[in-house]
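A closer look at the structure
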Amino acid sequence: MDLITLTGEPWADYGLIDSGHGRKLERYGQYRFIRPEPQAMWAPASDDWDAHGEFLPAPDDEGGGRWHFDKPTPREGWPLAWKEARFTAQTTPFRHLGFFPDMAPVWDWMRTQIDGVSEPECMNLFGYTGVGTLALAAKGARMTHVDASKKSVAEGKANAELSGMADKPIRWMIDDAGKFTAREVRRGRRYDGIILDPPKFGRGPTGERWVLETGLPGLIGDCRALIDADSRFLFLTVYAVRMSALAIGELVRQHFGDLPGKVECGELVVREEARGLMLPTAIFARWSR
């Protein structure tokens, strides 16, 4: 199985400015932030980073870290855009800023896959604040957005309102992704496309425990039951550093290899603005018709 790379390029509201010595400097609209990045093992282009804030990591038993601000930053968030999608960025306790900018090439790829399909049915599992959901809804997809966090789903609905997409056909589901997908299988549902971005660990709305290594095979099996020969794609991203792209690629191939099309795997990377070098952020596997 060939390994491929999906590259996130800078856009108006986001860019990876510089990286190195285990950190990265990014711009989110008019604000700049420094975050930990273990894979940035090289030296940065510049030693003089001017940022509004920095996330200082700490052990999980100490809360996992905190933000330190050097300049005024709106704690309630500020609006950003990716193509038709509008959403609120803000500094979260989990070191990210309310969306995952390295997913931009994935959003583009999925939109290409459903091009020409009339009202495609798509599902976003572990959908978080819904930028991927809105990226597909803007292209005419009927979306099912699933996340166990009531807060994340509320933020997704707010982002839909901000984008002028509140009237789009989106089912906002506060549910455990595994249980919801299994129920969809029993209901005999099908989808034209599925995107899933599972965490390494997680909790469902009623305390369900998610562990990536043990939960992923069964979830992919259920996703296969919701996809048929007329479907267009499945896209899986994994941020667990210890897992291999080839491993998740083989998992998807075993479940989807009987369908027409192809299975591919590789890395998501973001292009640094300072030097053009590629910073790896996640691994992925995908099936497309």
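Being a predicted model, the structure only gives us computed values, none of them experimental.

Take the pairing of strand β15 (residues 233-238) next. A regular strand carries its side chains on alternate faces of the sheet. Most of β15 is tucked away: 6 of the 6 residues are buried. Side chains Phe233, Phe235 and Thr237 project from β15 onto one buried face, and the interleaved Leu234, Leu236 and Val238 project onto a second face that is buried too. The sheet contact formed by β15 and strand β17 (residues 278-288) spans 6 bridges and is antiparallel. Counterpart to Val238 in the pairing with β17 is Ile283.

This part is about the packing of helix α5 (residues 212-225) against helix α6 (residues 245-256). At their nearest, the axes of α5 and α6 sit 10 Å apart, and the two run at 35° to each other. For the pair α5 and α6, the sense of crossing is right-handed. Judged by residue contacts, Leu216, Pro217, Ile220, Gly221, Cys223 and Arg224 of α5 engage Ile248, Leu251, His255 and Phe256 from α6. Each residue belonging to the contact of α5 with α6 can be placed in one class, and the counts come to 7 nonpolar, 2 polar and 1 charged.

Let's shift gears to the packing of helix α4 (residues 177-186) against α5. α5 packs onto α4 with a crossing angle of 30° between their chain directions and a minimal axis gap of 9 Å. As judged from the angle between their axes, α4 and α5 are roughly parallel. Seen along the crossing, α4 lies across α5 with a hand that is left-handed. Listed contacts from α5 to Ala177, Gly178, Thr181, Ala182 and Val185 of α4 are Leu219, Asp222, Cys223 and Ala225. Looking at the contact of α4 with α5 residue by residue, the classes come out as 6 nonpolar, 2 polar and 1 charged.

Even without glycine at this site, Glu119 takes up a positive phi of about 45°. Position of Glu119 relative to the elements: it lies in the loop between α1 (104-113) and β9 (121-125). Positive phi, normally seen in glycine, also occurs at Tyr128, with a value near 55°. Relative to the assigned elements, Tyr128 resides in the loop between β9 and α2 (131-137).

Moving on: the pattern of salt bridges. Inspection of the entire model under this criterion finds 24 salt bridges. Between Lys83 and Asp108 there is a salt bridge, with the nearest N and O atoms lying 2.5 Å from each other. A residue pair is termed long-range when its members are at least 10 positions apart, and Lys83 in the loop between β7 (78-82) and β8 (85-89) and Asp108 in helix α1 qualify at 25 residues. Taking relative accessible area as the criterion, Asp108 reaches 31% and is therefore assigned partly exposed. One salt bridge in this structure joins Arg253 and Glu250, with 2.6 Å as the shortest N-O distance. On the criterion of helical spacing, the pair formed by Arg253 and Glu250 is a turn pair, its members being 3 residues apart in helix α6.

Thresholds, definitions, all that
The residue numbers shown here count from 1 along each chain, following its written sequence. Per-residue local features of the predicted model are confined to residues with pLDDT of at least 70, and side-chain atom pairs are confined, for both listing and counting, to 80 or more; whole-chain, interface and lining totals are unaffected and use all residues. Each side-chain value is worked out from all heavy atoms of the structure, with water and hydrogens disregarded. For the exposure calls, accessible area comes from a 1.4 Å probe over protein chains only, and a residue counts as buried if that area is under 20% of its type's maximum, exposed if over 50%, partly exposed in between. Working definition: helices are DSSP H or I runs of at least four residues, strands are E runs of at least two. Numbering for both runs from the N terminus. Two strands qualify as a pair provided that DSSP identifies no fewer than 2 bridges between them. Axis lines are fitted through C-alpha atoms, for helices just across the contact stretch, and the angle between N-to-C directions can take any value from 0 to 180 degrees. Left-handed is the label given to a crossing in which the near helix is rotated counterclockwise from the far helix by less than a right angle, and right-handed is the label when the rotation is clockwise. Residue contacts are counted whenever heavy atoms from the two residues lie within 4.5 Å of one another. Under the grouping applied here, Gly and all other residues not named as nonpolar or charged are polar, the nonpolar ones being Ala, Val, Leu, Ile, Met, Phe, Trp, Tyr, Cys and Pro and the charged ones Asp, Glu, Lys and Arg. An angle below 35 degrees is read as roughly parallel, one above 145 as roughly antiparallel, one from 65 to 115 as roughly perpendicular, and any other as oblique. What counts as a salt bridge is simple: a side-chain nitrogen of Lys or Arg found within 4 Å of a carboxyl oxygen of Asp or Glu.

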